[in-house]
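Residues per chain are reported as follows:
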Amino acid sequence: MDYLLTSNALSVWFAIAFVSTIAVATKMAATRRRTAVDSPCMKPSPPPMVSGIALLGLLLRVFRKGPEAAIEGLHAKLGDVFTVSFLFGQKVTFLIGQEAYFSKWEDDGIVDLKHEIKEVLMLISARCLLGKEVREKMFDEFRTLFREIENCVSFVSVFFPYIPIPAHRRRDSALLKITETLSEIVKSRRRSGGTEEDMMHRLIDSKYKDGWSMTEAEITGMIMTLLFAGKLTSAHTSTWTGACIVSSTKCLTAVVEEQKKIIGKYNDQVDYNVLLEMDTLHNCIKEALRLHPSAPMLVRNAHKHFTVLTKQGNEYDIPKGHTLASPVVLNNSMPHIYKDSDVYDPDRFCPDRAEDKAGGKFSYTSFGGGGNHGCFGEAYAYMQIKIIWSYLLRNFDLKLMSPFPKPDWSKFVLLPRGKVLVSYKRRQLPSTYSCPIKKVTF
């Protein structure tokens, strides 16, 4: 990100955005709400505050050792609940606790797994969301424009989306062109009166409870939201899943054996119900997400005053108006919940261990932790990733060639940094060479 490196001022903004968005708060399982007490003498004290010189020290630690280390340092020093006071009076309270595509490959070779996964998921998203007009006539142009927007999913852009920097101007230009294109498609479809089997047309046909139809702006906005949610995060999870599986002989052997059993049982046919039986692959995806969550933090606003009680027995007063952040990267690694939490171990989700159930429903927060704000696309995400990896595991021998990747902390969605080079060689599992995928219906 050249615009971050060319200006000291922007570097400072980046650090502030980095800490305020990533450094934050979860494990609502390790805390519980209590009714506010009106009596002044019984009112809990506010959380420990990080501000002034301490804030400068925190930003310096972010630059030197990364945001995760900075959060861990504050957690060790201040406990499960603390507040960071940023510029302009903003306060953040941390609550810490609980297939056609692959046919173009040769018989063997080396690919950048991250790039290949992004490409195939862009094709899937185009099929499900954008419609035949984009897929057949302007896919390459749309993909280029979407990449311009995608490249701006950084902490700076999330926290300070309107800073006048070159990357934001490119983003806004690309977004305008995409919006104009999608709006014209919506208008054209409405004039023609035809129907198509894709999400865009379902939105065109949908109506609010009062009978009003969605506007072009609302439809294009929903399409872009779904495209980001369904493509970017799935590309992240698919890439990390692949890197974790192919770097572990034990896990790779287990998921391949599972595919052999599925082949023998269902004669090479994979549909939605068959995908549900891929428990080993499911756990591999889930464990990759535990270690490498697509969203490093969850953010909410406190609409009313409340108090929290930490696991250590400390009670704190949280004022209305505070930003509440839950650092998923820490919540998914609590040592009192996950044994050897830094180790990739999909078996921890097997019924006899079920470590994610140990601390309640907020022990695993990669999909939001459940409740009213859980991710409603969770089932779709698992299905999409299973289809991709079921095909790859059945048809290729795979080996990680580059060092195991590290997260790209300059991005809001923590994709692997750099290329993820994987060697492949076509091979035939018992009773299959290719992997026919039936059309999934619901």
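Residues numbered from 1 in each chain as written. Predicted model: local features only at pLDDT ≥ 70, side-chain atom pairs only at ≥ 80, totals over all residues. Heavy atoms only, no water.

A. Molecular detail of the confidence of the model for the chain. Overall, the predicted model of the chain reaches an average pLDDT of 78, with 82% of residues at or above 70. Here residues 1-41 scores under 50 on pLDDT; set against residues more than four positions off or in separate chains, the count is 120 contacts. Confidence over residues 432-442 falls short of pLDDT 50; this stretch has 28 contacts with residues more than four positions distant or in other chains. (pLDDT = per-residue confidence, 0-100. Contact = heavy atoms within 4.5 Å.)

B. Spatial organisation of unusual backbone geometry. You will see that Asp340, though not glycine, has its phi angle at about 45°, which is positive. Given the relative accessible area of 49%, Asp340 is considered partly exposed. One non-glycine residue, Ala354, adopts positive backbone phi at about 45°. Mapped onto the elements of the fold, Ala354 is located in the loop between helix 15 (328-331) and helix 16 (378-395). (Buried < 20%, exposed > 50% of the residue type's maximum accessible area, 1.4 Å probe, protein only. Helix = DSSP H or I, 4+ residues; strand = E, 2+ residues; numbered from the N terminus.)

C. Spatial organisation of the packing of aromatic side chains. Taken as a whole and judged by the stated rule, the model has seven aromatic pairs. Between Trp240 and Phe404 the ring centres are 6.0 Å apart and the planes differ by 45°, which places this aromatic pair in the tilted class. Here the residue Trp240 occupies a position in helix 11 (residues 216-246), and Phe404 occupies one in the loop between strand 10 (396-400) and strand 11 (421-426), the gap between them amounting to 164 residues. Since its relative accessible area comes to 0%, Trp240 is described here as buried. Both rings, one in Phe396 and one in Tyr424, keep their centres 5.7 Å apart while their planes meet at 90°; by these two values the pair is edge-to-face. With Phe396 in strand 10 and Tyr424 in strand 11, the pair connects residues that are 28 residues apart, well separated along the chain. (Phe/Tyr/Trp six-rings, centres within 6.5 Å; stacked < 30°, edge-to-face > 60°.)

D. Fine view of the sheet that holds strand 5 (residues 108-112). In spatial order, the strands read 5-11-10; together these three strands make up an open sheet with antiparallel pairing. Each edge of the sheet is formed by a strand with only one pairing partner; in this case those strands are strand 5 and strand 10. Neighbouring strand axes in the sheet, compared pairwise and without regard to direction, differ in orientation by 25° on average. Relative to strand 11, strand 10 is paired through five bridges, and the arrangement is antiparallel. Counterpart to Asp397 in the pairing with strand 11 is Lys425. Together, strand 10 and strand 11 form the strand contacts of helix 16, whose direction differs from that of strand 10 by roughly 100°. (Pairing = 2+ DSSP bridges. Axes fitted to C-alpha atoms, helices over the stretch in contact; angles between N-to-C directions.)

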